[in-house]
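Close look at the chain arrangement
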Amino acid sequence: MQFRMPAKLTVALVLVALLTTSASLVAAQPAAQSSKDMRPVAAVNVFIGTGGDGHTFPGATRPFGMIQLSPDTQVRHFRQSYPWAAGYRYEDDSILGFSHTHFSGTGHSDLGDVLLMPYTGETKLEPGYPERAHSGYRSRFSHQDEQAEPGYYAVKLLDHDIKVELTTSERVGLHRYRFPQGSEAKVIMDLRNSIYDYKTKNLWSSVRMRDAQTMTGMRITRGWAAGRQLYFAMQFSRPIQQRAIYNREDAVEYRGFASPGNGANDKVRFEGKALVGALEFGIPDNQELLVKVAISAVSEEGALDNLKEMPGWDFDAERTKASQAWNQALSSVEIQAAPEMRTMTYTALYHSMMGPTLFMDSDGHYRGPDNQVHQAKDFRFYSTFSLWDTYRALHPLLTLIQPAQRNADFVNSLIASQQVSPEGILPVWQFHGLETWCMIGYHAVPVLADAYMKGIPGFDAEQALAAMVKSAEYGPYGGLQHYMKYGYVPIDLEPEAASKTVEYAFDDWTIARMAEKMGKADVAAKFYQRAQNYRNVFDTKTGFIRARKSTGEFRVPFDPAVSNFGSDYTEGSAWQYSWYMPHDNAGLISLLGNEAAASAKIDQVFDAKVDEKIYAHMEDISGLIGHYAHGNEPSHHVAYLYNYFGAPWKTQQRLTQIVQSQYQNRPTGLAGNDDLGQMSAWLTFAALGFYPVAPGSNEYIIGRPFLNKAVLHLPNGKNFTIRANKLSDKNTFIASVTLNGKALERSYLTHQEILAGGELVFVMQAQANTSWGSSLAARPYSQTAYR
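Note that this is a predicted model, so its numbers are computed, not measured. (Residues numbered from 1 in each chain as written. Predicted model: local features only at pLDDT ≥ 70, side-chain atom pairs only at ≥ 80, totals over all residues. Heavy atoms only, no water.)

**Topic: the side chain of Arg238**
Test applied: Helical segments are the DSSP runs of H or I of at least four residues, strand segments are the runs of E of at least two, and each set is numbered from the N terminus. The buried label applies to any residue whose accessible area, calculated with a 1.4 Å probe on protein chains only, is under 20% of its type's maximum; exposed applies above 50%, and partly exposed to all values in between. Counted as positive: Lys and Arg. Counted as negative: Asp and Glu. His and the chain ends are not counted at all. Here, a salt bridge means any side-chain nitrogen of Lys or Arg that lies within 4 Å of a carboxyl oxygen of Asp or Glu. Polar contacts, as used here, are pairs of N or O atoms within 3.5 Å; protein pairs need one atom able to donate a hydrogen and one able to accept it. Residues neighboring in sequence count only if both atoms are side-chain atoms. When checking whether two residues touch, look at their non-hydrogen atoms; a contact exists if any pair is within 4.5 Å.
Residue position: Arg238 is located in the loop between strand E14 (226-236) and strand E15 (242-247). Of the side chains bearing the opposite charge, Asp285 lies closest to the buried Arg238, which forms no salt bridge; the N-O distance is 5.0 Å. In this structure the side chain of Arg238 is engaged in a polar contact, spanning 3.2 Å, whose partner is the backbone oxygen of Phe281. Not counting residues up to four positions away in its chain, the partners in contact with Arg238 are Gln213, Phe281, Ile283, Pro284, Asp285, Glu288 and Leu289.

Here's what the structure looks like:
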């Protein structure tokens, strides 16, 4: 996902990552893991993805929680910030503080709100430099003194000899600082801190003293989501004895008149664009200081109300509650597997439940894409929708492992956003209620369609379909007016036209599916026809998706390995995008000639000898196996295409290749950005043995299992058990499959079969079974017929 850093910096960071992680793997293990502790929460290694380009964070949060309380190791100018998209990077050795909002796994970023940093000794108002110890308030740390598990993070600040512990409820972050014996407790509060920073990003901020232990405040930023408002309420376990809050702006042309108060301690309100405060609490009797911070998108009063969610000061009790919440969420899947695979799969499940995030006050108020305050009725408002990524596997996974009400809340949040959107369309990439316009497609549409097709209750289908159609017919967005006119997006009128055409066609198909089920034949016919528009950009002479001009001809010159920002493709090349018609793979077969030609073409994707330098300028094109790029979403379904070609054994072979090379139990264990859980959802499905190639089809394409046994504890109260008999490092191919004791010869499962409960049993062997799933009758859904 978008914003890039220079290739030379990328190479340098990769070298640092390799050198650092090779020496630090021992520290990067899940906390509290013992041979007897088989709880799911104990299997998670929260450090997976915190190194390299995974962009995950190790701090504390709740499942889908509003607070993400985590350490920040560096904050740089946004043009240099790609490696620190989550605030934290495992390769670093100093921490500048602990802020309360973070993204998990994005390739662009923002947030890092309300940074706190405990300290001892001299007050320093600037964070200083990572390479110069004691140059500011930041502190060195060691991974040997770092501990983390779902809902809890702890570290020792070496320069201040302070132990920091963090945990959260849904809306409140709780800090516990243990200071050296006899030392004064001091805390820096820095409202300037911002991930993906630049000089004028903070438009305004303020702090208000409510009493000796409580303060509130806000800031407005112009970042990824322009005009974002963030309010907070902060309460300390001890009274503030001394405070000094400064506005560090320079060259302020107009300052206005002085507010009441002769000094820092009798002044109750502070305002400016660059507020930083030094707070002193004396010498604690028990060496401890605790801090609670609640946030709100609505108001300071809303943040104060949210603070009531955590009325006491019992840190250990709150840590236990957070651990229990995560253990309950993770227990939706019961896993038996080799230790490394068990850890990787439970960690993938953990990362799959980091978003969308709750973004609603306790009284139901939230801020929408019109930047106005609204009231949620009968649902909880969620935001952080990375839809270009998550419609593919994350949202389908959540329909299996989360309660129907949670999935309905996601749908209702999307519909509510559309109803107050100034453009009248569903979110594209939304966080904190605001639109960012990042990436392409109208991929809220398949999320809604998939939920409806699966029978998830709790939302108005008429409203949902109306929102979907409006989004698909909003001409000013992404060249849609041209798409509706020509049947494709012309490259001379709109960038990334080839990618937009094929992604719009899939979204259109999901509208047709839902409309058909609702009995709206006219809407269904219209969008089924639009779903075939991918054919208009497929060049049968070259065998690739290509960009066309408004005059009809394909753009030349053409090189299927060329990629660039604003080119024919979005974060990819023709080698990655030419197989994206997941709703009509029989159509792909016909365009390529026949099954053998289609299978051979996908073989070329994986087997090509590729000089990785051709993609070096595109950091999102990562995790390369030939031209296959597992580090980015357009490739995620490709290994499963062999099932449509009558060769499921090749899917099994490719999945083994992908999982072994792209996922490891270490900080650099993700091949690319986790993208709000999409990369992790892919692994979760792969480990179970099936994958949703076409959300909205109600089918899961069978791959191969990587777990000895898994039990899905479904939202309807039933259990679906998956067994892999004779599974081993050598036995990676399917010999046979049974469903509820009966032979299963087709290469897919239906959603209804899973929801009914039962048992899916794989028998594994070392040699490929080339006959299983090969017949036409065995193949998954396709919009057009197999021939």
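That shown, we press on.
**Points about the sheet that holds strand E9 (residues 162-168)**
Operational definition: Strands are treated as partners if at least two bridges between them are detected by DSSP. To obtain an axis, a line is fitted to C-alpha atoms, over the contacting stretch when the element is a helix, and the angle between two such axes runs from 0 to 180 degrees between their N-to-C directions.
Pairing within the open sheet is antiparallel, and its 9 strands lie in the order E7-E8-E9-E10-E18-E14-E13-E12-E16. Looking at the sheet topology across the chains shown, the edges are occupied by strand E7 (146-149) and strand E16 (269-272). Neighbour to neighbour, the strand axes of the sheet diverge by 15° on average, direction disregarded. For strand E12 (residues 202-211) and strand E13 (residues 214-222), the ladder comprises 8 bridges, and the chain directions are antiparallel. Directly across from Arg208, in E13, lies its bridge partner Thr216. In the packing of helix H3 (residues 300-307) onto the sheet, the strands contacted are strand E10 (172-178), E12, E13, E14 and strand E18 (288-296), and the crossing angle to E18 comes to about 125°. In this fold helix H4 (residues 315-330) packs onto E7, strand E8 (152-157), E9, E10 and E18, with an angle of close to 50° to the strand it touches most, E9.

**So, the packing of helix H5 (residues 339-352) against helix H19 (residues 678-688)**
Where we set the bar: If an angle is under 35 degrees, it is roughly parallel; if it is over 145, roughly antiparallel; if it lies from 65 to 115, roughly perpendicular; otherwise it is oblique. By the definition used in this description, the sense in which the near helix is turned from the far one sets the handedness, with an anticlockwise turn below a right angle giving left-handed and a clockwise turn giving right-handed.
Across the interface, H5 lies against H19 with an axial gap of 8 Å and an inter-helix angle of 135°. When the axis of H5 is compared with that of H19, the two are oblique. Every pair of crossing elements has a handedness; the one defined by H5 and H19 is left-handed. From H5, Met344, Thr345, Ala348, Leu349, His351 and Ser352 reach across to H19, where they touch Ser680, Ala681, Leu683, Thr684 and Ala687.

**With respect to the environment of Ile195**
Its location among the elements puts Ile195 in the loop between strand E11 (186-190) and E12. Its relative accessible area of 2% is what places Ile195 among the buried residues. The spacing of Ile195 and Val711 is 516 residues in sequence and 39 Å in space, taken between C-alpha atoms.

**Concerning the nonpolar core**
Put simply, the test is: Residues enter a nonpolar core if they are buried and are Ala, Val, Leu, Ile, Met, Phe, Trp, Tyr or Cys, with the set joined through side-chain atoms within 4.5 Å.
Counting residues in hydrophobic clusters, the biggest one holds 229 residues, and the most contacted among them are Phe98, Met234, Trp579, Trp682, Phe690 and Leu760. At 11 residues, helix H12 (residues 497-517) tops the list of elements feeding residues into this core. The residues contacting Trp682, other than those within four sequence positions of it, are Ala393, Tyr628, His630, His636, Tyr640, Leu655, Ile658, Val659, Tyr663 and Tyr691. One finds Ala154, Val172, Leu174 and Phe315 within the second-largest nonpolar core, a separate group that totals 11 residues.

**Structural notes on helix H7 (residues 394-401)**
Each turn of an α-helix holds 3.6 residues, which means side chains three or four residues apart point in the same direction. Counting buried positions over the 8 residues of H7 gives 8, a clear majority of the element. Among the residues making up H7, those that are buried are Leu394, His395, Pro396, Leu397, Leu398, Thr399, Leu400 and Ile401.

**Some thoughts on the packing of aromatic side chains**
Heads up, the rule is: Between 30 and 60 degrees the pair is tilted, below 30 it is stacked and above 60 it is edge-to-face, where a pair is any two Phe, Tyr or Trp rings, Trp via its six-membered ring, whose centres lie within 6.5 Å.
Taken as a whole and assessed by the stated rule, the structure comprises 37 aromatic pairs. With a centroid separation of 6.5 Å and an interplanar angle of 85°, the aromatic rings of Trp429 and Phe431 are classed as edge-to-face. Across the pair, Phe431 and Trp429 agree in class, each one buried. Where Phe685 meets Tyr700, the ring centres are 5.9 Å apart and the plane angle is 35°; that geometry is what we call tilted. Taken together, the positions of Phe685 in helix H19 and Tyr700 in strand E32 (residues 699-702) put the pair 15 residues apart, joining distant regions of the chain. What makes Tyr700 buried here is its relative accessible area of 1%.

**Structural notes on helix H16 (residues 595-607)**
Threshold: Here the expected length of a helix is defined as 1.5 Å per residue gap, with one fewer gap than residues.
Its 13 residues give H16 an end-to-end C-alpha distance of 18 Å, which sits within 8% of 18 Å, the value for a rise of 1.5 Å per residue. Taken together, the buried positions of H16 are occupied by Ala598, Ser599, Lys601, Ile602, Asp603, Val605 and Phe606. Between the side-chain oxygen of the N-cap and the backbone nitrogen of Ala596 there are 3.1 Å, and the N-cap of H16 in question is Asn594.

**A word on the pairing of E32**
In E32, alternate side chains face the same way, and those of Glu699 and Ile701 on one face and Tyr700 and Ile702 on the other are all buried. Pairing between strand E31 (residues 690-691) and E32: 2 bridges, direction antiparallel. Residue pairing in the sheet places Tyr691 in a bridge with Ile701 of E32. With 3 bridges connecting them, E32 and strand E37 (residues 748-750) associate as antiparallel partners. Following the sheet pairing, Ile701 is matched in E37 by Tyr748.

**Re the environment of Gln664**
Here Gln664 lies in the loop between helix H18 (648-662) and H19. Put simply, Gln664 and Met344 are 320 residues apart on the chain and 7.1 Å apart in space, counted from C-alpha to C-alpha. Setting aside residues up to four positions removed in sequence, Gln664 forms contacts with Ile48, Met344 and Gly669. A polar side-chain atom of Gln664 sits 3.3 Å from the main-chain carbonyl oxygen of Ser661.

**Comments concerning the sheet that holds E31**
Sheet architecture is open: 3 strands sit in the order E31-E32-E37, paired in antiparallel fashion. With partners counted over all chains shown, the strands left at the sheet margins are E31 and E37, one partner each.

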